Amino acid sequence: MPELARTVWVTDERGRPHRFGPGSPPPEWAAVKIRNPRAWATGGKPAPQQTAPPVPSAASPPPRSGAGSGGAAWRAFAAQHGVDGAGLSRDELMAELVERGVIKEA
């Protein structure tokens, strides 16, 4: 199994996030979910035995201020990306989404 060039986060079948770092080969269940070729040290993703289902497109992130920018909207958006926002403030959740590469820092 090829090694990773970057840190990636992958959610398992129960929705729990797992972190895999550079220089490590992820387990097969995670490798099939890592679709970004730049994540791999070899410059391309390995040929897995099984194929992950396509990732559904998600809506744009909620506004960062004003109407519709509350914690509930951000938790719903985060859930679409496999991030559990329970117990996090809106700002903490936004920081987590930035760290995982889901959104860009403002």
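Our structure is the block above this text.
All values derive from a computational prediction rather than experimental measurement.

## Points about the side chain of Asp12
At step 1: Among the structural elements, Asp12 can be located in the loop between β1 (8–11) and β2 (17–20).
At step 2: In this structure Asp12 comes out as buried when scored by relative accessible area, which is 6%.
At step 3: Polar side-chain contacts of Asp12 include one of 2.8 Å to the side chain of His18.
At step 4: Those residues in contact with Asp12, other than ones at most four positions away along the chain, are His18, Trp29 and Lys33.

## Comments concerning the packing of aromatic side chains
At step 1: The final tally for this structure, using the stated rule, is two aromatic pairs.
At step 2: Seen in terms of ring centroids, Phe20 and Trp29 are 6.1 Å apart; in terms of plane orientation they differ by 70°. Their pairing is edge-to-face.
At step 3: Ring centres of Trp74 and Phe77 lie 5.8 Å apart, and the angle between their planes is 80°; this geometry places the pair in the edge-to-face category. Taken as a pair, Trp74 and Phe77 lie in helix α2 (residues 71–80) at a separation of three residues, close to a single helical turn. Here the two residues Trp74 and Phe77 agree in accessibility, since each one is buried.
At step 4: Over the ring of Trp9 we find Arg100, and its NZ or CZ is 4.6 Å from the ring centre.

## With respect to the environment of Arg16
At step 1: The residue Arg16 is located in the loop between β1 and β2 in this model.
At step 2: Each C-alpha atom, one on Arg16 and one on Gly82, is 7.8 Å from the other, the two residues being 66 residues apart in sequence.
At step 3: The contacts of Arg16, once residues within four sequence positions are left out, are Val10 and Thr11.
At step 4: A distance of 2.9 Å separates the side chain of Arg16 from the side chain of Asp12, its partner in a polar contact.

## As for the pairing of β1
At step 1: Here β1 shows one buried face, formed by Val8 and Val10, and one open face, formed by Trp9 and Thr11.
At step 2: Both β1 and β2 contribute to a ladder of four bridges, which runs antiparallel. Residue pairing across strands places Thr11 opposite Pro17, the latter belonging to β2.
At step 3: Between β1 and β2, which pair antiparallel in sequence order, lie five residues; one of them, Gly15, sits at a positive phi of approximately 85°.

## Digging into the nonpolar core
At step 1: The biggest cluster of nonpolar side chains holds nine residues, and these are Leu4, Val8, Val10, Phe20, Ala30, Ala31, Ile34, Ala39 and Trp40.
At step 2: For this core, the secondary structure elements donating two or more residues are β1 and α1 (28–31).
At step 3: Membership of the second largest hydrophobic core comes to eight residues, among which are Ala78, Leu93, Met94 and Ile103.

About the criteria used
- Residues numbered from 1 in each chain as written.
- Predicted model: local features only at pLDDT ≥ 70, side-chain atom pairs only at ≥ 80, totals over all residues.
- Heavy atoms only, no water.
- Helix = DSSP H or I, 4+ residues; strand = E, 2+ residues; numbered from the N terminus.
- Buried < 20%, exposed > 50% of the residue type's maximum accessible area, 1.4 Å probe, protein only.
- Polar contact = N/O pair within 3.5 Å; in protein donor to acceptor, adjacent residues only side chain to side chain.
- Contact = heavy atoms within 4.5 Å.
- Phe/Tyr/Trp six-rings, centres within 6.5 Å; stacked < 30°, edge-to-face > 60°.
- Lys NZ or Arg CZ within 6 Å of the ring centre and 35° of its normal.
- Pairing = 2+ DSSP bridges.
- Core = buried A, V, L, I, M, F, W, Y, C linked by side-chain atoms within 4.5 Å.

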